[in-house]
Amino acid sequence: MSFFDAFRKKRLEAEVDFDNLPVHVAIIMDGNGRWAKRHSLPRKSGHAMGAKTFEEISECAGELGIKIITFYAFSTENWKRDKEEVEALMALLEDYLDNGLQKLKGRAQIRFLGDMSAFSESFREKQRYIEEATKGNSGFLINVALNYGSRDEITRAVRGIAEDVKSGKISADDITEEFISSRLDTGGEPDPDLIIRPSGEFRLSNFLMWQGAYSELWFDKILWPDFKKEDLLRAIHDYQNRNRRFGGR
Ligand code: IPE
Ligand code: IPE
Ligand code: MG
């Protein structure tokens, strides 16, 4: 790290109000492909670098004292990509399922968001094992969104609710906003306070569209593999200078 970067990081750390951190931060990990292109590397190298950034940022979010961090790792639409790229992404995800636990060293609870039925039984077995093994690590939760899309999540929730109404378990009057929230993949968690999207795109790409109704959005042109702790601090600092009104005055 250059002297200038170190200075900038120190100054940001001094300016961030650690008593007023966003409880739930969500990140769209975008820009791996462009990072690879910029470095004349294959796309899968961009994803490998992105996976490293995921580990670094999840670790520093825990150290900062953020309670929940959600990462968008693979969308319901990402299956459209070339077979080779999808396979490279799946290999990285499987590597995380195999080795993620050791790296966490008991510091975080892991939860997966998304439709897991698309994955092989052995993949789901590993994913369930991680969720089970980290259940007791309260205080810091990492959500990893895999084969996740907001519309798919809402569709699955609505289907489940309709079945419960049909079987008489609940009545139509029980369906409140809180109830719908509780039936989403993030059920039981507070909505994200801050949604971060690097890579220069200004869209949600089907991410947390219900939960993000009043989230503060932070966009930046930095590509995900280049994203560092100071960028997280920059986003948090900006967030702390926003005026959240929730429709009030
Ligand atoms: C994000 O990087 C990773 C996934 C979507 C899985 P991209 O692969 O979308 O990177 P760009 O947008 O092509 O740069
Ligand atoms: C969003 O990025 C999905 C993830 C980061 C996992 P995309 O690269 O798929 O989004 P679009 O295609 O630019 O909207
Ligand atoms: Mg992209």
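Okay, so let's go over this structure. Each residue is numbered by its place in its chain's sequence as written, counting from 1. The naming scheme follows written order: chains are lettered A onward, ligands numbered 1 onward. Only residues with pLDDT of at least 70 are given local features in this predicted model, and only at 80 or more are side-chain atom pairs given and counted; all residues enter the totals for whole chains, interfaces and linings. Calculation of side-chain values draws on the structure's entire complement of heavy atoms; hydrogens and water are dropped beforehand.

Quick notes on the site of ligand 2
- Close to ligand 2 lie I28, M29, D30, Y72, A73, F74, N78, R81, R197, R203 and S205, which account for all nearby residues.
- Under this definition, polar contacts are N or O atom pairs within 3.5 Å; protein pairs additionally need one hydrogen-donor-capable and one acceptor-capable atom, and for neighbouring residues in sequence, both atoms have to be side-chain atoms. Residue R81 places a side-chain N or O atom 3.2 Å away from an oxygen atom belonging to ligand 2.
- A distance of 2.8 Å separates an oxygen atom of ligand 2 from a polar side-chain atom of R203.
- Using the Shrake-Rupley algorithm and a 1.4 Å probe, accessible areas are obtained, with residue cover drawn only from the displayed protein chains. The fraction of the free accessible surface of ligand 2 (390 Å²) that becomes covered by protein chains is 79%. Note on terminology: near, applied to a residue and a molecule or strand, indicates that one of the residue's heavy atoms is within 4 Å of it.

Brief notes about the pattern of salt bridges
- For salt bridges, the criterion is a side-chain nitrogen of Lys or Arg within 4 Å of an Asp or Glu carboxyl oxygen. Under the definition given, this model contains 25 salt bridges.
- Residue E55 pairs with K103 through a salt bridge whose shortest N-O separation is 3.0 Å. Of this pair, E55 sits in helix 3 (residues 43-64) while K103 sits in helix 4 (residues 83-104), and the two are 48 residues apart along the sequence.
- Of the residues examined, E55 reaches a relative accessible area of 27% and is grouped as partly exposed.
- Taken together, the shared-partner salt bridges in this structure form one network comprising D30, R34, R197, E201 and R203. Strands are runs of DSSP state E lasting at least 2 residues, helices are runs of H or I lasting at least 4, and numbering of each runs from the N terminus. Each residue gets one of three labels from its accessible area relative to the maximum for its type: buried under 20%, exposed over 50%, partly exposed in between, using a 1.4 Å probe on protein chains only.

Details of helix 4
- What a helix is expected to span follows from its residue count: subtract one and scale by 1.5 Å. Its 22 residues give helix 4 an end-to-end C-alpha distance of 30 Å, which sits within 8% of 32 Å, the value for a rise of 1.5 Å per residue.
- Think of it this way: the bend at a residue is just the angle between two axes, each fitted to seven residues, one set ending at that residue and the other starting at it. Its maximal kink placed at D98, helix 4 deviates by approximately 50°.
- Of the positions making up helix 4, those classed as buried are E85, V86, A88, L89, M90, L93, Y96, L97, G100 and L104.
- Contacts are assigned to residue pairs with any non-hydrogen atoms lying within 4.5 Å of each other. In this structure, the buried side of helix 4 is in contact with helix 3, strand 3 (109-113), helix 5 (121-133) and strand 4 (141-145).
- Among the residues trailing helix 4, K105 stands out with phi positive, at a value near 50°.

Description of the site of ligand 1
- Around ligand 1, the surrounding shell holds 13 residues, and the nearest of these are D30, G33, R34, R43 and R81.
- Protein contacts shield 86% of the accessible area of ligand 1, which totals 380 Å² for the unbound molecule.
- Among the elements that make up the shell around ligand 1, the one with the highest residue count is helix 2 (residues 32-38) (three residues).
- Asp, Glu, Lys and Arg are counted as charged, while Ala, Val, Leu, Ile, Met, Phe, Trp, Tyr, Cys and Pro are counted as nonpolar; the rest, among them Gly, fall into the polar class. Of the residues contributing to the shell around ligand 1, the split by class is three nonpolar, five polar and five charged.

So, the pairing of strand 5 (residues 194-197)
- Neither face of strand 5 is exposed, since L194 and I196 on one face and I195 and R197 on the opposite face are all buried.
- Note on pairing: two strands pair once DSSP finds at least 2 bridges between them. Across three bridges, the pairing between strand 1 (residues 24-28) and strand 5 is parallel. Across the sheet, I27 pairs through a bridge with I196, a residue of strand 5.
- Bridging between strand 5 and strand 6 (residues 216-219) involves four bridges; their strand directions are parallel.

Some details on the packing of helix 1 (residues 3-15) against helix 8 (residues 229-240)
- Lines fitted to C-alpha atoms define the axes, with helix axes restricted to the stretch in contact, and inter-axis angles between N-to-C directions lie between 0 and 180 degrees. Close contact between helix 1 and helix 8 brings their axes to 10 Å; oriented N to C, the two are set at 35°. The way helix 1 lies across helix 8 gives a crossing that is left-handed. Across from D5, R8, K9, L12, E13 and E15 in helix 1, the residues of helix 8 making contact are K229, E230, L233, R234, H237 and Q240.
- In terms of residue class, the contact of helix 1 with helix 8 is built from two nonpolar, two polar and eight charged. Handedness of a helix crossing follows the sense of rotation of the near helix relative to the far helix, less than a right angle counterclockwise being left-handed and clockwise being right-handed.

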